[in-house]
Amino acid sequence: MTQTPGPEAPLSPAEQDGAFRPAHVDPLPWDALLSALETAGQPARVHGEAPAAGLTGAALDSRVVRPGDLYIALPGARAHGAAFAGAALDAGARAVLTDAAGVRLLAEAGRDAVPVLDVESVRTAAGVAAAAVYGRGLDAGPRLVGVTGTNGKTTTSFLAAALLEALGHRSGIIGTILTRAGERTVPSTLTTPESTQLHALMALMREEGVDTTVMEVSSHAVSYRRIAGLRYAVAGFTNLTQDHLDLHGSMDEYFAAKAGLFDADRTDRAVITVDGGEGPRWGLAMARAAQAPVTTLALGPAAPVPGALAEEDPDFRADWAITELTPDGLGHRFTLHHAASGRVLRASVGLPGRFNAANAALAALLVLHAVGEDQLDALEAVLDVPAGEGPFAAAVPGRMEVVGREPDAVVDFAHNPDGMVQALTSLSDARAAGGRTGRTLIVFGATGDRDVTKRPLMGRIAVDHADVVIVTDDTPHSEDPAPIRGDVLAGAREQASRAAAEGRTVLVEEVVPRAAAIRRAVELAGDADGILVAGRGHETEQDFDGVAVPLDDRVELRSALAKRATGRSQASSGGKVDPS
Ligand SMILES: CC(=O)N[C@H]1[C@@H](OP(=O)(O)OP(=O)(O)OC[C@H]2O[C@@H](n3ccc(=O)[nH]c3=O)[C@H](O)[C@@H]2O)O[C@H](CO)[C@@H](O)[C@@H]1O[C@H](C)C(=O)N[C@@H](C)C(=O)N[C@H](CCC(=O)O)C(=O)O
Ligand SMILES: Nc1ncnc2c1ncn2[C@@H]1O[C@H](COP(=O)(O)OP(=O)(O)OP(=O)(O)O)[C@@H](O)[C@H]1O
């Protein structure tokens, strides 16, 4: 299995914003900015004189402003960006784009002598302005492939980029783990960066000769209009299950945010997985809601809820369907069938879990539509290979990453209810296929400052699918970690009592810090058992109220397993340490 290179050390916001910027920007004349805003339906009222020189960048955070930038002052949930306009101007911003409230704040602060543009929707205008500054006409490239859905965006993006490379394209990636422009890789802090950074990245990708970029699109990115001014050649949908209700309030609102990616003025084509997640309800609804031309994908034997599509809509016929799925090594071989032509596409995916066959099928169809449907033969030539070979053999950092065997030890990024169900069931399925019948142990926690309703649910799911449940901290952000664990434990203990009443014993423990919880799982596990450490995946730090605590689940798990192996060999050699 080829290992995708992992990200380097985290960068500061200014370093990261800087890493996204192109080497060269032709200064944008003031009038050109005004006419771009006008054309996009965001005409600006102008306060003050035009700046003496053109604009060479755009930023919506004062802390990342560079000389020559347009500072975009957004109305935020906690503050109005105009409150930081002074700092932005001191850092060299040449002009400010804001709304009427921002104009008032600038006047109150006595900073209204600078050129200020006042628009109706600052977030929409931010994307338009950044597109103009960084010189992206609609056809300027790179070609964009978007991926959205609750789970599977990162994996699908990595697989699609690997397939593009195998077909001879120069690919870019924008997503949760990293941003890659050709050979240049930068670790990410957001799944989808701000609009100013996205347009800078498009220019950087052009400089790096990237022809196609695969980009994760979070629901935050659609709601906060981070994707304003971008147009996708094709956009894909994986699934929708509970998450981010703190931002969206309800599943209907969450669905509506995701559906925004499939508007006719946003993407040329939509590829919709109709039966991912907890069944076909949201996938079918997405296929119907999409305004762009739709290609549908039915997961068939790779669907998490078998037969649910036929139950939901017996008349539905997908354009493409997974018709065969067979275990192959740790991964699967699958066959994709095209209903209209009868053509089949055979492929092999190395990542464990049926859901990774679903991600791979979506990645194949996204690439097919991006490069042209006449490329089907070329696609099949690189995908129809033995397990462990080809572009879909690529490992994705922290996604079902196998860290050890005996016990099987896997690190995964599952951090919401459906992700946990999928990760736990695929671990036991893969182990059962290999004849391993031991217990399942899980170590996990829930994130602070995010959807609180999923916490007890995750506790219940852990008990339903594991024999030993160790609850610890995920990343608490500004919250007190103990009550977060309390919420998860409440769900876990309640479900453990129910399980006990039915004669199934599940051990539930609370262990902190997270490294100790991982060591505890290794201590409790037998050789035939399986350990899943869920929630943090590729992450290398936990955030405790602004204090970054270094922790990499993969490193901790590997080291606990190595100590256990050393302890055993010492015990079997009568306590003597092998000097080699
Ligand atoms: C909770 C949330 O999503 N907040 C977003 C929101 O911030 P906000 O409204 O609270 O902003 P604020 O603090 O009131 O500040 C207002 C403005 O002043 C600016 N400011 C603030 C302070 C300062 O010193 N200087 C300055 O210029 C801020 O950059 C902002 O533009 O608007 C900001 C500008 O667009 C976003 O950067 C910010 O995303 C923060 C960074 C964030 O962490 N978002 C996460 C939750 C997120 O977007 N996650 C999704 C994926 C999630 C997933 O799938 O798991 C993602 O795409 O990464
Ligand atoms: N198609 C899928 N269906 C359900 N669960 C999945 C799927 N793909 C991945 N997962 C689970 O979700 C976790 C996150 O996967 P991945 O990072 O690919 O998704 P994501 O959408 O990018 O998540 P995030 O936006 O939170 O980074 C995986 O570690 C795995 O447990």
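Fair warning: this is a prediction, and the values are worked out from it, not measured in the lab. Here, residues in each chain are numbered from 1, in the same order as that chain's written sequence. Both sets of labels track the order of writing: A upward for chains, 1 upward for ligands. pLDDT decides what is reported in this predicted model: residues at 70 or higher carry local features, side-chain atom pairs at 80 or more are listed and counted, and totals for whole chains, interfaces and linings draw on all residues regardless. Where side-chain values are given, they derive from all heavy atoms of the structure, hydrogens and water being excluded.

Participant: How do you make sense of the site of ligand 2 when you look at a structure like this?
Facilitator: As a matter of local geometry, ligand 2 sits amid 20 residues, with Gly-152, Thr-154, Thr-155, Arg-399 and Asp-412 nearest to it. Between ligand 2 and Thr-154, the relevant distance is 2.6 Å, taken from an oxygen atom to a side-chain nitrogen or oxygen of the residue. Each polar contact in these results corresponds to two N or O atoms within 3.5 Å; when the atoms are within protein, one needs to be able to donate a hydrogen and the other to accept it, and residues that are neighboring in sequence are counted only if both atoms are side-chain atoms. Contact distances for ligand 2 include 3.1 Å between an oxygen atom and a backbone N or O atom of Phe-413. Considered on its own, ligand 2 offers 620 Å² of accessible surface; in the complex 95% of this is hidden by protein. Numbering goes from the N terminus for both helices and strands, where a helix is a DSSP run of H or I of at least four residues and a strand is a run of E of at least two. Looking at the shell around ligand 2, the elements that each hand over two or more residues are α6 (153-166), α13 (354-371) and α15 (417-433). Along the lines of polarity and charge, the residues of the shell around ligand 2 split into four nonpolar, eleven polar and five charged. Taken together, domain 2 (135-383) and domain 3 (401-572) each give at least three residues to the shell around ligand 2, which thus spans both. Near residues are defined by distance, with any heavy atom within 4 Å of the molecule or strand qualifying the residue. Each accessible area is a Shrake-Rupley estimate made with a 1.4 Å probe; only the visible protein chains count as cover when residues are assessed. When residues are grouped by polarity, Ala, Val, Leu, Ile, Met, Phe, Trp, Tyr, Cys and Pro land in nonpolar, Asp, Glu, Lys and Arg in charged, and all others, Gly among them, in polar. An automatic or database domain assignment provides the domain bounds reported here.

Participant: Help me out: how do you make sense of the packing of aromatic side chains in this one?
Facilitator: The geometry of an aromatic ring pair comes down to the distance between the two centres and the angle between the two planes. Only centres within 6.5 Å qualify two rings of Phe, Tyr or Trp (six-membered ring in Trp) as a pair; their planes then separate them into stacked at under 30 degrees, edge-to-face at over 60, and tilted for everything else. Under the criterion given, the structure shown has one aromatic pair. Here Phe-255 and Trp-282 contribute two aromatic rings whose centre-to-centre distance is 5.4 Å and whose plane-to-plane angle is 35 degrees, an arrangement assigned as tilted. Residue Phe-255 is found in helix α10 (residues 251-259), and its partner Trp-282 is found in helix α11 (residues 281-289); the two are separated by 27 residues along the sequence. Residue Phe-255 shares its accessibility class with Trp-282, and that shared class is buried. Directly above the ring of Trp-282 sits Arg-281, whose terminal nitrogen or CZ lies 4.0 Å from the centroid. The cut-offs for exposure are 20% and 50% of the maximum accessible area for each residue type, with area from a 1.4 Å probe on protein chains only; residues under the lower value are buried, those over the upper are exposed, and the others partly exposed. Counted as over-ring charges are cases with an Arg CZ or a Lys NZ within 6 Å of the ring centre that also lie within 35 degrees of the ring normal.

Participant: I keep staring at the environment of Ala-395 and nothing clicks. Help me out?
Facilitator: Relative to the assigned elements, Ala-395 resides in the loop between α14 (376-383) and β17 (401-404). Expressed as a C-alpha distance, the spacing of Ala-395 and Pro-352, which sit 43 residues apart in the sequence, is 9.8 Å.

Participant: Can you walk me through the sheet that holds strand β4 (residues 95-98) in this structure?
Facilitator: Between any two strands, at least two bridges found by DSSP are needed for them to pair. Here five strands make up an open sheet; going across it, the order is β1-β5-β4-β3-β2 and the pairing mixed. Unpaired on one side and paired on the other, β1 (45-47) and β2 (57-59) mark the two borders of the sheet. Put simply, the sheet's adjacent strands are angled 20 degrees from each other on average, direction ignored. Judged from the three bridges that link them, β4 and strand β5 (residues 116-118) form a sheet pairing that is parallel. Across the sheet, Thr-98 pairs through a bridge with Asp-118, a residue of β5. The criterion used for residue contact is that any of the two residues' heavy atoms lie within 4.5 Å. Lines fitted to the C-alpha atoms define the axes, with helices restricted to the stretch that makes contact. Angles between their N-to-C directions range from 0 to 180 degrees. Relative to β4, helix α5 (residues 122-133) is tilted by about 140 degrees, and along the sheet it contacts β2, β3 (69-72) and β4.

Participant: Looking at this model, I keep getting lost on the sheet that holds β17. Mind explaining?
Facilitator: The strands making up a sheet associate through backbone hydrogen bonding, with each pair oriented either parallel or antiparallel. Strand order in the open sheet formed by six strands is β17-β18-β22-β19-β20-β21, with mixed pairing between adjacent strands. Two strands lie at the open edges of the sheet, namely β17 and β21 (507-510), each paired on one side alone. Taking the axes of each pair of neighbouring strands and ignoring which way they run, one obtains an average angle of 20 degrees across the sheet. Alignment of strand β19 (residues 440-444) against strand β22 (residues 530-534), held across four bridges, turns out to be parallel. Counted as the bridge partner of Ile-442 is Leu-532 from β22. The strands that helix α18 (residues 514-524) touches are β19, β20 (468-471), β21 and β22; relative to β19, the one it contacts most, it runs at about 175 degrees.

Participant: Help me understand the nonpolar core, please; the structure alone is not making it clear to me.
Facilitator: What tends to happen in soluble globular proteins is that the nonpolar side chains get buried as a cluster. Among the buried residues, those of types Ala, Val, Leu, Ile, Met, Phe, Trp, Tyr and Cys that are joined through side-chain atoms within 4.5 Å form a nonpolar core. Counting 46 residues, the largest nonpolar core has Leu-163, Leu-297, Trp-320, Phe-334, Leu-336, Leu-383 and Phe-392 as the members making the most contacts within it. If you list the elements that add at least two residues to this core, you get β6 (143-148), α6, β14 (320-328), β15 (331-338), β16 (344-349), α13 and α14. The greatest single-element share of this core, amounting to 13 residues, is contributed by α13. Not counting residues within four places of it along the chain, the set of residues in contact with Leu-383 comprises Leu-163, Arg-346, Ala-347, Ser-348, Ala-364, Pro-391 and Phe-392. Listed in part, the 39 residues of the second largest apolar core include Phe-20, Ile-227, Phe-237 and Ala-318.

Participant: I tried to follow the domain arrangement of the protein chain on my own but got confused; where do I start?
Facilitator: Reports often express the size of an interface as the amount of accessible area lost when the parts come together. Examined at the domain level, the protein chain breaks down into domain 1 (13-133), domain 2 (135-383) and domain 3 (401-572). Using C-alpha coordinates to define each centre, domain 1 is positioned 45 Å away from domain 3.

Participant: Even after reading the chapter, I still don't get the pattern of salt bridges, so can you show me in this structure?
Facilitator: Pairing of side chains with opposite charge becomes possible as their charged atoms draw close. By convention in these notes, a salt bridge is any Lys or Arg side-chain nitrogen within 4 Å of a carboxyl oxygen on Asp or Glu. Under the definition given, this model contains 32 salt bridges. A salt bridge links Asp-527 to Arg-568; the nearest nitrogen and oxygen atoms lie 2.9 Å apart. Here Arg-568 lies in helix α19 (residues 553-572) and Asp-527 lies in the loop between α18 and β22, a separation of 41 residues in the sequence. With a relative accessible area of 33%, Asp-527 lands in the partly exposed category.

Participant: Explanation requested: unusual backbone geometry in the structure shown.
Facilitator: It is generally the case that most residues other than glycine have a negative phi and that most peptide bonds are trans. Cis peptide bonds are those with omega within 30 degrees of zero, and the linkage from Glu-406 to Pro-407 qualifies with -5 degrees. Structurally, Pro-407 can be placed in the loop between β17 and β18 (408-412). Here Val-512 and Pro-513 are connected by a cis peptide whose omega angle stands at -5 degrees. Phi at Met-400 takes a positive value of approximately 45 degrees, unusual for a residue other than glycine. With respect to the element layout, Met-400 can be found in the loop between α14 and β17. At Asp-449, a residue that is not glycine, the phi angle is positive and equals roughly 60 degrees. Tracing the sequence through the fold places Asp-449 in the loop between β19 and α16 (454-465). Of the residues examined, Asp-449 reaches a relative accessible area of 33% and is grouped as partly exposed.

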